[in-house]
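Coordinates in review
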Amino acid sequence: MASAVGSGLSRAEAFSLLRSLLRTAAKFSDYNIREYVRRRTIDGFRENRGLTDPSAIASAFSEGRSQLEIAKRQAVVYSIYAPQVKNIMELNAS
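Below you will find a few notes about this structure. Everything numeric in this text was worked out from a predicted model, so none of it was measured. (Residues numbered from 1 in each chain as written. Predicted model: local features only at pLDDT ≥ 70, side-chain atom pairs only at ≥ 80, totals over all residues. Heavy atoms only, no water.)

Note that an α-helix has 3.6 residues per turn; residues three or four places apart therefore point the same way. Helix length check: helix 3 (residues 54-81), at 28 residues, gives a terminal C-alpha distance of 40 Å against a target of 40 Å (1.5 Å per residue), a fit within 8%. Residues I57, A60, F61, G64, L68, A71 and A75 constitute the buried set of helix 3. Residues of helix 3 that are buried sit in contact with helix 1 (11-26). (Helix = DSSP H or I, 4+ residues; strand = E, 2+ residues; numbered from the N terminus. Expected span 1.5 Å × (residues − 1). Buried < 20%, exposed > 50% of the residue type's maximum accessible area, 1.4 Å probe, protein only. Contact = heavy atoms within 4.5 Å.)

In this structure, L9, L17, L18, L21, F45, I57, F61 and L68 together form the largest nonpolar core, which totals 8 residues. Sorting the residues of this core by element identifies helix 1 and helix 3 as the ones contributing at least two each. Ignoring sequence-local partners within four residues, the contact set of L68 consists of L17, S20, L21 and T24. (Core = buried A, V, L, I, M, F, W, Y, C linked by side-chain atoms within 4.5 Å.)

A word on a positive patch on the surface. Among the surface-exposed residues, R19, R23, K27, R65 and K72 lie close enough to one another that they form a single positively charged patch. When contributions to the positive patch are tallied by element, the ones reaching two or more residues are helix 1 and helix 3. Judged by its relative accessible area of 40%, R65 is partly exposed. (Patch = residues over 30% accessible without salt bridge, like charges linked within 9 Å, V, L, I, M, F, W, Y side chains within 5 Å. Areas by Shrake-Rupley, 256 points an atom, 1.4 Å probe, with all protein chains shown as cover. Salt bridge = Lys/Arg side-chain N within 4 Å of Asp/Glu carboxyl O. Lys, Arg positive; Asp, Glu negative; His and termini not counted. Charge placed at Lys NZ, Arg CZ, Asp CG, Glu CD.)

Moving on, we get to the pattern of salt bridges. By the definition in use, this model includes 1 salt bridge. Measuring nitrogen to oxygen at the nearest pair gives 3.7 Å for the salt bridge that ties R38 to E35. Remark: E35 and R38 occur in helix 2 (residues 31-47); sequence separation between them is 3 residues, near one turn of the helix.

Everything listed here is a matter of coordinates, which is why it stays silent on function.
Put into structure tokens, the structure is as follows:
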């Protein structure tokens, strides 16, 4: 999203969306889900890094916003119904 400035979307807004998605990913208690959301976020931003068309940039930003809302809802739901057993990756990190 380096060329986001030309489309009316500031670079700061793109980085804010990235940080919000990564913060939301950190809220998942399960290691697998947390890492999936984190990896998916980073991959999505890397895929869209080279966009130059203003409409494509706006579309990608809009898609990112909708994914953020979905991830926030899922984090809440998952915190309510999360399994009590820890993952092997979480046991080794302790």
